[in-house]
Number of protein chains: 2
Amino acid sequence: MYSVLFFPDNVVSQVEAGSSLLKAATEAGLELKSGCGGKGSCGRCVLLIKQGRIRVEDTGNLPQLKVQEGYVLACQTFVESNLVVEVPKDSRLGEHQVLVDSKLLSETLPPRQTERELDPLCRQFYVEMQPPGLLENASDLQRLRTALGKNVGKGDLGVSLDVLRRLAETVRKGDWNVTATVADFDTQPQLVAVEPGKERQSHLGLAVDVGTTTIVVYLIDLNSGVTLDKRGTYNRQSRYGDDVITRMVYAAEEEQGLGDLYAAVLETVNELIDRLVEENGVRHEDIVQVVAAGNTTMTHLLLGLHPRYIRLEPYIPTANRFPPVRAREVGIHTNPEAWLMVLPAVSSYIGGDIIAGVIYSGMLESSEVSLLIDIGTNGEMVLGNNEWQVACSCSAGPAFEGGGIAYGMRAMRGAIERIQIDRDNYDVTLSTVKDALPIGICGSGLIDGLATLREAGIIDRAGKFHDNGANPRLRKGDNGLEFVLAWGKETECGRDIFISEDDVKNLLRAKGAVFAGIRTLLKTIDYPLEGVERIYIAGGFGNYINVDDAIRIGLLPDVDPSRYVFIGNSSVKGARMALLSRAVWQQAQDVARSLTSLELSADNTFMEEFFSGLFLPHTDLSLFPSVKD
Amino acid sequence: MYSVLFFPDNVVSQVEAGSSLLKAATEAGLELKSGCGGKGSCGRCVLLIKQGRIRVEDTGNLPQLKVQEGYVLACQTFVESNLVVEVPKDSRLGEHQVLVDSKLLSETLPPRQTERELDPLCRQFYVEMQPPGLLENASDLQRLRTALGKNVGKGDLGVSLDVLRRLAETVRKGDWNVTATVADFDTQPQLVAVEPGKERQSHLGLAVDVGTTTIVVYLIDLNSGVTLDKRGTYNRQSRYGDDVITRMVYAAEEEQGLGDLYAAVLETVNELIDRLVEENGVRHEDIVQVVAAGNTTMTHLLLGLHPRYIRLEPYIPTANRFPPVRAREVGIHTNPEAWLMVLPAVSSYIGGDIIAGVIYSGMLESSEVSLLIDIGTNGEMVLGNNEWQVACSCSAGPAFEGGGIAYGMRAMRGAIERIQIDRDNYDVTLSTVKDALPIGICGSGLIDGLATLREAGIIDRAGKFHDNGANPRLRKGDNGLEFVLAWGKETECGRDIFISEDDVKNLLRAKGAVFAGIRTLLKTIDYPLEGVERIYIAGGFGNYINVDDAIRIGLLPDVDPSRYVFIGNSSVKGARMALLSRAVWQQAQDVARSLTSLELSADNTFMEEFFSGLFLPHTDLSLFPSVKD
């Protein structure tokens, strides 16, 4: 065993000889960037060796100078003695700007929820039971069932052995008056908890968005429907890869891969719950119901189901409708009897997060046709109204999340989010998250940058750089031409931050895929864009997007911006609605069944549309009348 | 810590100073008789101290001579040094003559079962699933559901996380052909197991009778309905007391009382299962369904529910209808996913064993009225037909099982089961179980003895001994007069075996209670005895009973013996029927709900009848026309 001392954190990890530095760092609790899941290809887990002996397998795309200075990739470097290692600032997974709140989300019920009766999946009843007598000798359980009467669904009261084993003492302690917590989502009411007496008991639920990048948990009072608090953080699975594909590969190829991913997501959820519990002075045991939403892969990982066949053609999940499970079966930090219910998916690529978005958007409440778009590594979109819904998913790639972009990053402190370029002298004005010194470029910055580069004439419609010789920021880099947004002296990392021709290509592919998805959806059912009344933009990324920019690059359809509605993290908000209404929960089940899912990988229209979309804004300019070229 | 060496077993127990010898013996794996549950009152856990220092709390009713010889009661004696202790033969819990088979039970289905379609609670289906494609991309679970089609009930397929986590690999290993095991007792079919391919899989179930005294397990092939094998043994809870009352007291008063009892019954059931599995060359995991029946207290203990309030007025069980639980929740040695289903009880004193008896007797199939009687410490009886059923339970006391009788014992090797007395010279001829030297007297011997003592003029109708001075076997003992059945030299234990006046009193109370129960049942609904077409005698004890004897002492009604039908262990046989037929399972639920239960403790008629029944055969001789006085 060797010791690895990481500083400036001053934490030590004890690892066996031959362990990777990435493993050592993870065990020390350090979160390094690792977009590729430890394959040596993303080149982000950079560390500086200060002392000790190592074996370097691959230096990846580290510049030679860096290698000479002692920099290594943590995942490709193995411990051969005690070590002292420095962790550079920009190798760390910074605190992500997790959207737990947005202007769209009030502390009380959203409009559609207040219109419905508050009728949560798990309800609490104070009941005064008839005390028993020699001639009135029903069992405790039957007596409670009778007292609950028609408050709950038909049939016997389902109950776990743990609760049943305490029932006799509880009802007597309360002198036959008890507060019963009953989940009632199924054909049979389920007794989750019984407490003696009438004391007002805390009665809490959680809505959880299990996102690939971030996880958000809402703590909700089930009696009032009020959201008490919210917390979000990045998904700890990120240490095993940035996107679902990398994680599925990790799950399939590493011996403990599935276990690692399962543990990481649980750890993240539980940490958020623990913080919510502590900071709000509530008790874990009072959390009696959880509704979670996520894409199909994340849902599988949350339940410990292997996502292997989601990744392999013909892309089959183990389940789309997930059985309700007890929190104790999964290990979530709530009342162990709480039911964890996961919103149903439609297919491997249309998950419960999209169903939550459909629910939350209000699309199902109106005969007006609307379009829901969730842009991430995959772009998912649903077109429909109260009678029909059609959906598809297209692989946009990770470019908007910073993947495959030289200086791409997520929307964290120091991320460039707005770019202005002076058409005359190519001077650049940048806005960054929290006005910090720039570290890289996030999705909204990339979209803005693409539009701006085109408008400044630096790139052409096909994304090729146009070198007029008068642009001091345009230069030849390792991978072709690149435009420098910020010089090393202006940046946090001390290096020049640029956008390269390769970056532009990746962005064109991403935006082309999303737009092609939308076009294919409309074409397949022969529905005109003009008939779409509302376009809902869902997901954390949507909150940063500038619609004008997105239209200018041909990512989003060229309709009046007033028709766009940002609905933020509709995954957690839809989960919350289902948590608070049995009718909504049922509606989610129904829509997951009835929704038609187009499989684009089997579709020629999509490929044609995709290639047409690899231009700025599109080969067919008539589709973008508002965009001047 | 001190060592206690028990011989002739030559086993050692390490216990703390001050531990009771009963505890030391139990930990060494020795099973001592302990009818009172370690209270010092039954005087059966006799040990002989050969060496070492002890503290004796109470010598109970041990004769002074015995105490001088070094005999002690294990439960009242505490370890104060290393010890050497001898375990006398008749202090051991011998192997009980457990009725696992009887002439009434064939290896194939009983008549009523064959008339019904074989339709077990848990069924096995070989299904060929449609392989998936890009356009046929239902989830694995949905695909399996579709393949099962109408073979199983409506609704989604319920499935545990454990099975779901293996599903994707299993269906692919079988190339989309699998054998699915589905329990289908509820509104939703439950997937218990999935195995790849078409290989004929073993598909087994268990029917279990959890009796107070003995536990019996049948191993059943669920595909054919054939009973493959049976095993029975005494319930290991006996070490904590002979009857349910003693055990309830133990559960309530000892710190780990409930845990001890729960562990003991599980251990007993599991040992029987392990033996069945080993001796029949089957696998635990192929046992996919269990149906158990027992009285209400035993059922509570099997599920780890505290029976405290069953014992205390107004005698309220935690539950009468028990939720189905997974074997893994209870710890039964089967497939961990197997459902353990317990036949419903009616009340604290009418349990699932009686419901099983009602089912098995055929009472529900006919408009003829019949009477079911199960005689144990409690006598339970059900009167009814296919339209109505009325039941009651009376406390007969443990006399028929040997409790409260000086030389009472269960029907084990050496138990006296028939007694003949020469009217002239009072010579006695005895029959014992397995023709062994007599050790004590079992229930059938006691009934026979009572009839014979009366007919020989040794006791009068009130049970008083009549001393004519000419009876060499009649003598004054510690507790009044006693009649010696066997002299010390003729017995296994070397002591005289006798029946005392106290014994006779206890027997009169027991038989009086049972008969009073029957009379009360008939009187309450004003139904004539003549209208009762069949009298079913259930329970292990019933198998040894001689109807003529039972009528002669006034235990059973004086009707033509041809109307009596012995149905043996109808608890396990009824459980088996429910295991093999969903209709029967449902019928059991229905009858448990619809059956009317009379509460005799609130009934004056019963007390009057009881006092009238404390004579041989009864105060009202017109009720026993066939009995000559």
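Residues numbered from 1 in each chain as written. Chains lettered and ligands numbered in written order. Predicted model: local features only at pLDDT ≥ 70, side-chain atom pairs only at ≥ 80, totals over all residues.

### Observations regarding the overall build of chain A
Secondary structure assignment for chain A yields 17 helices and 29 strands. Over its C-alpha atoms chain A spans a radius of gyration of 27 Å, differing by no more than 12% from the 25 Å that the globule rule assigns to 629 residues. The C-alpha extent of chain A, read off along each of the three principal axes, is 100 × 65 × 45 Å. Burial statistics for chain A: of 629 residues in total, 53% are counted as buried. A sequence separation of at least 24 residues applies to 67% of the contacts in chain A between residues at least 6 apart. (Helix = DSSP H or I, 4+ residues; strand = E, 2+ residues; numbered from the N terminus. Rg over C-alpha atoms; globule rule 2.2 N^0.38 Å. Buried ≥ 20, exposed ≤ 12 C-beta atoms within 10 Å, placed from the backbone. Contact = placed C-beta atoms within 7 Å.)

### Observations regarding the sheet that holds strand E25 (residues 480-486) of chain B
Residue and element names in this part refer to chain B. Here we have three strands laid out as an open sheet, ordered E24-E25-E26, and antiparallel in their pairing. Where the open sheet ends on each side, the last strands, each with one partner, are strand E24 (474-477) and strand E26 (497-500). Here the strands of the sheet are splayed against their neighbours by 45° on average, with no regard to which way each runs. Pairing of E24 with E25 involves four bridges; the strand directions are antiparallel. Looking at E25, one finds that leucine 474 is bridged to phenylalanine 483. (Pairing = 2+ DSSP bridges. Axes fitted to C-alpha atoms, helices over the stretch in contact; angles between N-to-C directions.)

### Description of the relation of the copies chain A and chain B
Here chain A sits on chain B after a turn of 180° about the axis and a move of 0.1 Å along it, with an RMSD of 0.1 Å. Between the two chains, the operation in question is that of a two-fold axis. When C-alpha distances to the rotation axis are compared across chain A, the minimum falls at threonine 187 of chain A, with a value of 3.6 Å. Most of the interface of chain A is mirrored in chain B: 100% of its interface residues are interface residues there too. (Least-squares fit on C-alpha atoms with pLDDT ≥ 70 in both.)

### So, the confidence of the model for chain A
Residue and element names in this part refer to chain A. The predicted model of chain A has a mean per-residue pLDDT of 89, with 95% of residues at 70 or higher. Per-residue pLDDT stays below 50 along residues 95-110; that stretch engages in 37 contacts with residues further than four places along the chain or on separate chains. Here the prediction assigns the complex a pTM of 0.84, and the interface score ipTM is 0.83. (pLDDT = per-residue confidence, 0-100.)

### Observations concerning the interface of chain A and chain B
Counting residues at the interface gives 40 residues for chain A and 41 residues for chain B. Elements supplying a minimum of two residues to the side of chain A that touches chain B: helix H4 (140-148), strand E9 (158-159), helix H5 (161-173) and helix H9 (308-311) of chain A. By residue number, the principal contributor to the side of chain A that touches chain B is H5 of chain A, which donates five residues.

### Some thoughts on the pairing of E25 of chain B
The element E25 of chain B is extensively covered by neighbouring structure, given that five of its seven residues are classed as buried. Hairpin geometry of E24 of chain B and E25 of chain B is characterised by an intervening segment of two residues between the two adjacent antiparallel strands.

### Quick notes on the domain arrangement of chain A
As far as domains go, chain A holds domain 1 (2-91) and domain 2 (405-501). Taking the mean C-alpha position of each, domain 1 of chain A and domain 2 of chain A sit 29 Å from one another. (Domains from an automatic or database assignment.)

### Structural notes on unusual backbone geometry
All names here are of chain A. Here the residue pair glutamate 313 and proline 314 is connected by a cis peptide bond, since its omega of 0° sits within 30 degrees of zero. Within the fold, proline 314 resides in the loop between H9 and strand E16 (325-326). A cis amide bond, omega -10°, links leucine 616 with the succeeding residue proline 617. Here aspartate 175, not a glycine, exhibits a phi torsion of approximately 50°, which is positive. Within the secondary structure layout, aspartate 175 lies in the loop between H5 and strand E10 (177-183).

### A closer look at helix H15 (residues 570-580) of chain A
Within H15 of chain A, eleven of the eleven residues are buried, which leaves it mostly tucked inside the rest of the structure. Within the span of H15 of chain A, buried status applies to Ser570, Ser571, Val572, Lys573, Gly574, Ala575, Arg576, Met577, Ala578, Leu579 and Leu580 of chain A.

### A few points about the nonpolar core
Counting residues in hydrophobic clusters, the biggest one holds 343 residues, and the most contacted among them are Val217 and Ala575 of chain A together with Val217 and Ala575 of chain B. Setting aside residues up to four positions removed in sequence, alanine 575 of chain B forms contacts with Ala207, Val208, Asp209, Val291, Ala292, Ala293, Leu343 and Ala356 of chain B. (Core = buried A, V, L, I, M, F, W, Y, C linked by C-beta atoms within 7 Å.)

### Some details on helix H4 (residues 140-148) of chain B
All names here are of chain B. Every buried residue of H4 is listed here: Asp140, Leu141, Arg143, Leu144, Arg145 and Leu148. Residues of H4 that are buried sit in contact with strand E8 (122-128), strand E9 (158-159), helix H5 (161-173) and strand E10 (177-183). Once H4 finishes, glycine 149 follows within two positions and takes phi at roughly 50°, a positive value.

### A few points about the environment of tyrosine 309 of chain A
Locating tyrosine 309 of chain A in the fold gives a position in helix H9. Judged by C-beta crowding, with 23 C-beta atoms within 10 Å, tyrosine 309 of chain A ranks as buried. Spatially, the C-alpha atoms of tyrosine 309 of chain A and isoleucine 419 of chain A are 41 Å apart, while their sequence positions differ by 110 residues. Residues within four places of tyrosine 309 of chain A in sequence aside, it is in contact with Ile316 of chain A together with Ala168 of chain B.

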